[in-house]
Amino acid sequence: MRKIKILHCADIHFDTPFKEFKNTLANKSKEELKEVFNKIIDLCNDEKVEIMLLAGDIFDNYTLSRNTLVFIRESLDRLDKTRVFISPGNHDPYNFKSFYKLVDWPKNVHVFKGDLEKVLIPELGTCVYGAAFNDNYVNKSMLKGIDVDNNLINLVVIHGELSNGSINEYNPITVKDIEESRVDYVALGHRHKFNGVEKYGLTSYAYSGCPQGRGFDEIGEKGVLIGEISKGYVNLEFKKTCKRQYIEKDISIDGLFGYREVKKKILSELKEFNLKTDIFKLNLIGEVDANFKIDENILSEKLSDKFYFVKIRDKTDIAVDIDNIENEHSIKGLFIRNLKESIDNSSEEEKEILELALKLGLQSLSAEEVNLDDY
């Protein structure tokens, strides 16, 4: 039975601004995306990949540098035998001002330009279908009207959002669309997390996720899918490609006082992690003394020599017996009674703000300076 070797990648977002970082680290992160892509190209060559499917959002926005365009073209030109199929997405639509038109693509690269079209590869016994966003939004599924040749291995590469029938603006694809396509594999882009290879009807499909995270909404390992496909057979595995991971973790500092104790607890909790490699967001939780006001910037600075990058968020509560103080004939008691009544009658969104106000107020009434600019 004829098999082909494929690699599925999506959502690289070259030249992401990396707003989380200052300029030096942001620029370094942009370059690391290129390093990751070079790793993917090497993987294609080493594993003798025959088809690479790039499922959109290769570029991030309209501020892509010319150096990056040259890099992408030269990288794809390094491929030994791999044919590349690109499906432009909502961040890099194919239109009159598209960066895709500025690149003299190598002969092994095919960029889909609009409605669903197919490319036949006779020597591989394969047909590749694809489509392109022409704007930032596509309101109807583009995965329609495929008439497959069952003598071929049939693939689709497309950028879109899986839908249960509800409306969305990012090429809403339903599992019924996938089933009715009757292709062997649909390589999807748009979601930045790999959640396994699924199958509906005769058709397997998956999001590969992004090859490297770009923010704390993209935590964990990132990579590509690589493996073999034949008629009715899909065997793809996730391959880690990211140089760094974004990691978010809650750290309980319940009962601790002072930055020294907090720093010691943080380092103890994270001793199994790669602090000098990965990117951390630490949420401090638990109850602390009202006289211990945590300055997130100061604590980040005290930890900076131990981490590649660390972001601190203070989500602690004040360790006070609110019920007892509430009954006191004091300013604190009056403050707590009035605010608790508002909290009890508030919406979830308002409650979060009011609970923060309670914390700030108790710190202030405990003779601790409060800087509202920190919140």
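Residues numbered from 1 in each chain as written. Predicted model: local features only at pLDDT ≥ 70, side-chain atom pairs only at ≥ 80, totals over all residues. Heavy atoms only, no water.

- In the nomenclature of an unreviewed UniProt entry, the protein corresponds to DNA repair exonuclease from the organism Clostridium sardiniense.

### Focus: the sheet that holds strand S16 (residues 279-285)
Strand pairing in a sheet is mediated by backbone hydrogen bonds. Such pairs are either parallel or antiparallel.
So, point 1. Here three strands make up an open sheet; going across it, the order is S15-S16-S18 and the pairing parallel. On the outer flanks of this sheet lie strand S15 (246-252) and strand S18 (309-314), each paired with one strand and no other. Strand-to-strand twist in this sheet, taken as the mean axis angle between neighbours without regard to direction, amounts to 20°.
So, point 2. Along the sheet, helix H4 (residues 259-269) makes contact with S15 and S16, crossing S15 at roughly 125°.
So, point 3. Packing of helix H5 (residues 296-303) onto the sheet brings it into contact with S16 and S18, and relative to S18 it is tilted by some 150°. (Pairing = 2+ DSSP bridges. Helix = DSSP H or I, 4+ residues; strand = E, 2+ residues; numbered from the N terminus. Axes fitted to C-alpha atoms, helices over the stretch in contact; angles between N-to-C directions. Contact = heavy atoms within 4.5 Å.)

### Some details on the pairing of S16
Put simply, side chains in a regular strand alternate between the two faces of the sheet.
So, point 1. Of all seven residues making up S16, six are buried, and the element is well covered by its neighbours.
So, point 2. Across seven bridges, the pairing between S15 and S16 is parallel. Each bridged residue has a counterpart across the sheet, and for Ser252 the counterpart in S16 is Ile285.
So, point 3. Taken together, S15, H4 and S16 form a β-α-β motif whose crossover is right-handed.
So, point 4. Pairing of S16 with S18 involves six bridges; the strand directions are parallel. By the bridge assignment, Leu284 is partnered in S18 with Asp314. (Buried < 20%, exposed > 50% of the residue type's maximum accessible area, 1.4 Å probe, protein only. Right-handed = clockwise from strand over helix to strand, strands pointing away.)

### Things to note about a negative patch on the surface
So, point 1. A surface patch of negative charge is lined by Asp254, Glu287, Asp317, Glu349, Glu350, Glu352 and Glu355.
So, point 2. The element best represented in the negative patch is helix H8 (residues 348-365), accounting for four residues.
So, point 3. Along the chain, the position of Asp254 falls in the loop between S15 and H4.
So, point 4. Accessibility expressed as a relative area gives 48% for Asp254, which makes it partly exposed. (Patch = residues over 30% accessible without salt bridge, like charges linked within 9 Å, V, L, I, M, F, W, Y side chains within 5 Å. Areas by Shrake-Rupley, 256 points an atom, 1.4 Å probe, with all protein chains shown as cover. Salt bridge = Lys/Arg side-chain N within 4 Å of Asp/Glu carboxyl O. Lys, Arg positive; Asp, Glu negative; His and termini not counted. Charge placed at Lys NZ, Arg CZ, Asp CG, Glu CD.)

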